[in-house]
Amino acid sequence: MSVTATAAPRATPVLEMRNISKTFGSTRALSNVSITVFPGEVHALMGENGAGKSTLMKVLSGAHKADAGGTILVDGQPVVAGDPIKAKANGISVIYQELSLAPNLTVEQNMFLGAEPSRAGILNRSDTRRRAEPILKRLGVGFGPSSQVGQLSLGERQMVEIARALTTNARIIVMDEPTTSLTSRETDRLFDVIASLKSQGIAIIYISHRMEEIYQLADRVSVLRDSTYVGTLNKAELSASKLVSMMVGRDLSSFYKKEHHAASGEQRTVLSVRNIDDGRRVRDCSFDAHAGEVLGIAGLVGSGRTELARLIFGADAKKAGNLFLEGKELAIAGPRDALDAGIAYLTEDRKGLGLFLDMSISENINIGVIGSDAKAAGVLDFAQAKTRAARAVTSLAIRTKSTSINAGALSGGNQQKVLIARLLETRPKVIILDEPTRGVDVGAKSEIYRIIDELAQNGIAIVVISSDLPEIIGIADRVLVMREGRIAGEVTGSKDHPINQEAIMAFSTGSATSDAEKSKKDGNQP
Amino acid sequence: MSTTTTENANTLKLRTTLTALGMLPVLILLAIGFHLLSGRFLSVNNLSIVMQQASINTVLAAGMTFVILTGGIDLSVGSILAASAMVAVIVSLFPDIGMLGIPAAIAVGLACGFVNGSIIAFLKLPPFIVTLGSLTAIRGVARLLGNDTTVFNPDLPFDFIGNGSVLGIPWLAIIALATVLVSWFVLKRTVLGTWIYAVGGNVEAARLTGIKVPIVLLFVYSVSGLLAGLGGTMSAARLYAANGLQLGQSYELDAIAAVILGGTSFVGGVGSIWGTLIGALIIAVLSNGLILVGVSDIWQYIIKGLVIIIAVCLDRYRLKGLSRT
């Protein structure tokens, strides 16, 4: 499987990363990863979400310090690890997914942000202009140095980011999913720029999930999986099936619980989503969720999965589309309406959007129902709250000595169970779980799978959004795959024929758009 | 793993308790210190004066606690107090129905707070800016009410509020304590109170939990306005007069200082009304004690200002101490 490229008889490598490991607490984010990059090469980095690509690039840019034992060589010289300023001085420049420009400033101000040409603290404006103009000309952009960044399109802003990288004489530019928010014309423009950077001897490390881009751009492709290096393919060796099988391919089926099959008889539709659309991130999505079923939603980060869930839950306003619960149309203006109707949503951002860290476990569990539990004049019913909290702690196996301690003191897995308990107290008919096991240790993961399985056995319709392919295959009966805001395909499995991982990858990267039907069929085959 | 979790929790609880209590020793030390320096701070007579001095600020600070717990701020309470006091005295001048000055003043305060709250909750504007605007605008209204003069009523029908006492306890102090008790009940024993903490702790999570955030915000600013109206009544009753220009100037700062001294987090979600009471008492003790000791008016300003800054330092330190796992 592993294909190590024979180093092309080109110049000496501009960058070598050798045996890079990185651990966060007890989690190993990178394990002995080595890659080599040559000048004037587009080196693509691929792997599933969480495979370690971003961590590797953060080690390169100095944002993270690698564990002892690894070395980074630029032009054969070792560089100091974990120092972003040194990394920049060595010609390493990273263009992040979320653009880091100040929209209120001009193009040239942004290009030299933090390194303004000046004398004695007074800006040298003519020098700024003199240095900015040739760079912008080199990129062939359609805006001038004095344009305000806030008025530029996303694609143009990306060009400003690249221009900024060029002001520091970058020789290695990392692009992390640069085309996610670009139109196809802007993408073409970016590719032209990449080609011209290549011809100037600049190396590009290009992270992307889109197969077609990889075919078009990459000279070589390195694949990471589960924090380890899998292999590198040369342009001539590239094929979708090879790449996909390098990216996936592990078996954890015994880890997952899927016993609710037995309980589900004929399919009863609980939630119907029809043509839901927010005009931006979610495009014309329709699907049904059935009682006692676990419906997976797969797709890459940014494919609109969370946005779809938030539209259904009323957390964001939809532009078009209809929702039906048990055949009745719902008018949902906000989360309260969704909860009242029987739709519950578990956020992917546990601490940011879910928990009240300074409130007790009991309050966190009860917060959604204290209003309906309350006695006259809105006085809290403490006895009822205590009962609910105690019941939840027992049934979900939340490990805590008391329900009166703050939720912030719990481990990630137990915090997640507290949030699940909160939604269950609202007695939902449909539960949408967004990345339910993110940042949760293995033990808690399997308990969450057990909880999901039991809920399905009790006839609740469950929608699970997950970036973890083995997980979604392990627990779901059916998987919808989203790509660029649309439902790109559906993959079903049965007891004897498990859901096909490659089919999901193919739909989510778009390599199966032309022969969608075929892949769908493949999904049912062993 | 579960032992470390509980240990963590215990440390957290201990810290929280310590910060809630944290200012009580300071209050006691200040009182003893001033007594040693002046020799008459801890007399029954002087303590009664301190309670009276603390009372109006306590009432304003109680309202401010509601607001700051949601992560907001209300800069307009001093102006609302002035406008309400004007209304209280003007209505009290009507023969026979003079007692209506009390409800009138409170209603004016509530109305001002309701307007603040509506703008903040429904137009989603930053509370600092909205209440900064109403600080100025309502001050203007207060001056307009008396044609920019001082209104007097030597026969104020509700003067007992300002100057009477029950069993030796001034009415002002009783009202302040009652306000604290009711606030405690609302914050800790009702659904709305829990929602206030939830909104301050994590507004987006609160929304996703189905809490109607705008209603909660409307409520807290209305409470703050209502209590400023009550403060206006108390102030008018004490002085037999009200002046739209001078009354309540910079009272909002004392109220904010009391809340922060009491350990309520400026970003919301954490805090207690008892802490606010202690904070208000510290400020009153400082004012009274500094006068008794003979510190000049100018130095009183400087010292009170430093106390506010130290309070914010404590807030920062506390947040760091409670760093989330």
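Residues numbered from 1 in each chain as written. Chains lettered and ligands numbered in written order. Predicted model: local features only at pLDDT ≥ 70, side-chain atom pairs only at ≥ 80, totals over all residues. Heavy atoms only, no water.

Draft legend 1. Expanded view of the overall build of chain A. When helices and strands are counted, chain A shows 19 helices and 22 strands. Looking at chain A residue by residue over its 526 residues, the buried ones come to 54%. Counted over contacts in chain A with a minimum sequence separation of 6, partners at least 24 positions apart contribute 68%. (Helix = DSSP H or I, 4+ residues; strand = E, 2+ residues; numbered from the N terminus. Buried < 20%, exposed > 50% of the residue type's maximum accessible area, 1.4 Å probe, protein only. Contact = heavy atoms within 4.5 Å.)

Draft legend 2. Here's a closer look at the interface of chain A and chain B. Taken together, the 36 residues of chain A in the interface contact 28 residues of chain B. The largest contributions to the chain A side of the interface with chain B come from A:Phe356, A:Asp358 and A:Ala409, which together make up 18% of the buried area. At the surface where chain A touches chain B, the tally comes to one salt bridge. A salt bridge links A:Arg310 to B:Glu204; its shortest N-O distance comes to 3.7 Å. Across the chain A-chain B interface, the total number found is eight residue pairs in polar contact (both at pLDDT 80 or more). Those elements giving two or more residues to the side of chain A that touches chain B turn out to be helix H9 (305-313), helix H10 (335-341), helix H11 (350-354), helix H13 (370-373) and helix H15 (412-425) of chain A. For the side of chain A that touches chain B, the leading source of residues is H11(A), giving four residues. Looking at side-chain class alone, the side of chain A that touches chain B contains 18 nonpolar, 10 polar and eight charged residues. (Buried area = accessible area lost by both parts, 1.4 Å probe. Salt bridge = Lys/Arg side-chain N within 4 Å of Asp/Glu carboxyl O. Polar contact = N/O pair within 3.5 Å; in protein donor to acceptor, adjacent residues only side chain to side chain. Nonpolar A, V, L, I, M, F, W, Y, C, P; charged D, E, K, R; others polar.)

Draft legend 3. Broad picture of the pattern of salt bridges. All names here are of chain A. Summed over the entire model, instances satisfying the criterion amount to 31 salt bridges over all chains. With its nearest N and O atoms 2.6 Å apart, the salt bridge here joins Arg171 to Asp75. Taken together, the positions of Arg171 in the loop between helix H5 (154-167) and strand S9 (172-176) and Asp75 in the loop between strand S4 (71-74) and strand S5 (77-78) put the pair 96 residues apart, joining distant regions of the chain. Arg171 gets classed as partly exposed once you look at its relative accessible area, which sits at 32%. Its salt-bridge partner being Arg164, residue Glu161 comes within 4.0 Å of it at the nearest N-O pair.

Draft legend 4. Examining the nonpolar core more closely. By size, the foremost hydrophobic cluster in this structure holds 96 residues, and its most contacted members are A:Ile312, A:Ile343 and A:Ile504. With seven residues, helix H16 (residues 442-457) of chain A is the single largest residue contributor to this core. In this structure, A:Ile343 is in contact with A:Leu271, A:Ile312, A:Phe313, A:Leu325, A:Leu330, A:Ile332, A:Ala338, A:Val430 and A:Ile432, ignoring residues within four places of it in sequence. Residues A:Leu380, B:Val89, B:Ile175 and B:Leu230 belong to the second largest nonpolar core, which totals 92 residues. (Core = buried A, V, L, I, M, F, W, Y, C linked by side-chain atoms within 4.5 Å.)

Draft legend 5. Spatial organisation of the sheet that holds strand S14 (residues 285-290) of chain A. Residue and element names in this part refer to chain A. If you trace the four strands from one edge of the open sheet to the other, you get S14-S13-S16-S17, paired in antiparallel fashion. Each end of this open sheet is capped by a strand with a single partner; those strands are S14 and strand S17 (328-330). Each adjacent strand pair in this sheet contributes to an overall mean axis angle of 20 degrees, direction not counted. Bridging between strand S16 (residues 320-325) and S17 involves three bridges; their strand directions are antiparallel. Looking at the pairing, Phe324 lines up with Glu329 of S17. (Pairing = 2+ DSSP bridges. Axes fitted to C-alpha atoms, helices over the stretch in contact; angles between N-to-C directions.)

Draft legend 6. Layout of a nonpolar patch on the surface. A cluster of nonpolar side chains, namely B:Ile298, B:Trp299, B:Tyr301, B:Ile302, B:Leu306, B:Ile309 and B:Ile310, defines an oily patch on the protein surface of about 790 Å² accessible area. Relative to the assigned elements, B:Trp299 resides in helix H13 (residues 297-321). (Patch = residues over 30% accessible without salt bridge, like charges linked within 9 Å, V, L, I, M, F, W, Y side chains within 5 Å. Areas by Shrake-Rupley, 256 points an atom, 1.4 Å probe, with all protein chains shown as cover.)

Draft legend 7. Structural detail: the pairing of strand S22 (residues 486-492) of chain A. Sheet topology note: the strand S21 (residues 478-483) of chain A/S22(A) ladder contains six bridges and is antiparallel. When the bridges of S22(A) are listed, A:Arg478 appears paired with A:Thr492.

Draft legend 8. Broad picture of the sheet that holds S22(A). Residue and element names in this part refer to chain A. The strand order across the open sheet built from six strands is S18-S19-S20-S15-S21-S22, with neighbouring strands paired in mixed fashion. Lying at the two open borders of the sheet, with one neighbouring strand each, are strand S18 (343-346) and S22. Pairs of neighbouring strands in the sheet enclose a mean axial angle of 20 degrees, with direction left out of account. The sheet contact formed by S18 and strand S19 (residues 430-434) spans four bridges and is parallel.

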